[in-house]
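Chains, contacts and geometry: an overview
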Amino acid sequence: MSNFLRAVVAFALVSAGSTASAAAVDLGTIAPGDFAGGALLFSSPNAIDDDWTFTIDTDLATAISVDSNDSDPFFGISGFTVSSADAGLAGEFVYDAADNAWSFAGDLMAGTYVIDVTGDVSGDFAGQYNVLVGTMVPVPAAFLLFGSALMGLVAVKRRQSAA
């Protein structure tokens, strides 16, 4: 199932008019240099307690952004928190009060991770947030070694030419 389709299904489940959200969204396996994400929209009033799951197959530098998309007084989420009990993510999310957003950037070991998003819809009409998980392409050590050897050869050649 595509990431877009997962987000649409999650949107349909959450916007069904309930007063509590407990969505479970699986972003699947995220390959090196790829990203996955989605958005959830909630009617007001609504309590949010959602779990987002993703898997990476190899140790990767990873960036995660969870943004509340506030536009008071119409759209908003109060008490917006993002957390994870998984090793590597626990206690590592940084909060930006100006944007009511959470972020993580760092190295994660191969495995499956769960992000818990909680809060209360405070907008007159609704509340919405986005989740985006992206991984960086690792630079192989052989490429770094080759580059440094090539620079060394250029330096030697320049010294020989100068003499």
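Nothing here was measured: the structure is a model prediction, and the numbers come from that model. (Residues numbered from 1 in each chain as written. Predicted model: local features only at pLDDT ≥ 70, side-chain atom pairs only at ≥ 80, totals over all residues. Heavy atoms only, no water.)

**Some remarks on the overall build of the chain**
The secondary structure content of the chain amounts to two helices and ten strands. Scanning the chain from its N terminus toward the C terminus, one meets helices and strands in the order α-β-β-β-β-β-β-β-β-β-β-α. For the chain, with 163 residues in total, the buried portion stands at 32%. Long-range pairs, those at least 24 residues apart, make up 82% of the contacts in the chain with a sequence separation of at least 6. If you sum the accessible surface of the chain, you get close to 9200 Å²; carbon and sulfur atoms cover 63% of it. (Helix = DSSP H or I, 4+ residues; strand = E, 2+ residues; numbered from the N terminus. Buried < 20%, exposed > 50% of the residue type's maximum accessible area, 1.4 Å probe, protein only. Contact = heavy atoms within 4.5 Å. Areas by Shrake-Rupley, 256 points an atom, 1.4 Å probe, with all protein chains shown as cover.)

**So, the pairing of strand 10 (residues 126-135)**
Most of strand 10 sits out of view: seven of its ten residues are buried. Here strand 5 (residues 60-67) runs beside strand 10; their pairing, made up of six bridges, is antiparallel. If you follow valine 66 over to strand 10, its bridge partner there is valine 131. (Pairing = 2+ DSSP bridges.)

**Notes on a nonpolar patch on the surface**
A surface patch of nonpolar side chains, amounting to about 410 Å² of accessible area, comprises Phe146, Leu150, Leu153 and Val154. Looking at the secondary structure, you find leucine 150 in helix 2 (residues 141-162). With relative accessibility at 45%, the residue leucine 150 sits in the partly exposed group. (Patch = residues over 30% accessible without salt bridge, like charges linked within 9 Å, V, L, I, M, F, W, Y side chains within 5 Å. Salt bridge = Lys/Arg side-chain N within 4 Å of Asp/Glu carboxyl O.)

**A look at the side chain of threonine 135**
Along the polypeptide, threonine 135 turns up in strand 10. Exposure remark for threonine 135: the relative accessible area of 6% places this residue in the buried category. Separated by 2.6 Å, the side chain of threonine 135 and the backbone oxygen of alanine 31 make a polar contact. Not counting residues within four places of it along the chain, the set of residues in contact with threonine 135 comprises Ile30, Ala31, Pro32, Gly33, Asp34, Ile56, Leu60, Ala61 and Thr62. (Polar contact = N/O pair within 3.5 Å; in protein donor to acceptor, adjacent residues only side chain to side chain.)

**Notes on unusual backbone geometry**
A negative phi angle is the norm for most residues apart from glycine, just as the trans form is the norm for most peptide bonds. Phi angles above zero are rare outside glycine, and asparagine 69 is one such case at about 55 degrees. With relative accessibility at 27%, the residue asparagine 69 sits in the partly exposed group. The phi dihedral of asparagine 100 falls on the positive side, at around 50 degrees, and the residue is not glycine.

**Describing the nonpolar core**
By size, the foremost hydrophobic cluster in this structure holds 29 residues, and its most contacted members are Trp52, Phe54, Ile64, Val66 and Tyr129. Elements represented by at least two residues in this core include exactly strand 2 (24-29), strand 3 (35-43), strand 4 (47-56), strand 5, strand 6 (77-83), strand 8 (101-108), strand 9 (111-121) and strand 10. (Core = buried A, V, L, I, M, F, W, Y, C linked by side-chain atoms within 4.5 Å.)

**Focus on the packing of aromatic side chains**
The tally for this structure, following the rule as stated, stands at seven aromatic pairs. Note on phenylalanine 80 and tyrosine 129: the rings are 6.0 Å apart at their centroids and 55 degrees apart in plane angle, and the pair reads as tilted. Of this pair, phenylalanine 80 sits in strand 6 while tyrosine 129 is found in strand 10, placing the two residues 49 residues apart along the sequence. Both residues of the pair, phenylalanine 80 and tyrosine 129, count as buried. Taking the centre distance of 4.7 Å and the plane angle of 45 degrees together, the rings of tyrosine 95 and tryptophan 102 count as tilted. (Phe/Tyr/Trp six-rings, centres within 6.5 Å; stacked < 30°, edge-to-face > 60°.)

**Observations regarding the sheet that holds strand 5**
Strand order in the open sheet formed by five strands is 3-10-5-8-7, and the pairing between neighbours is antiparallel. Edge strands, defined here as strands with exactly one partner in the open sheet, are strand 3 and strand 7 (94-96). On average, adjacent strands in this sheet sit at an angle of 15 degrees to one another, irrespective of strand direction. Alignment of strand 3 against strand 10, held across nine bridges, turns out to be antiparallel. Directly across from alanine 39, in strand 10, lies its bridge partner asparagine 130. (Axes fitted to C-alpha atoms, helices over the stretch in contact; angles between N-to-C directions.)

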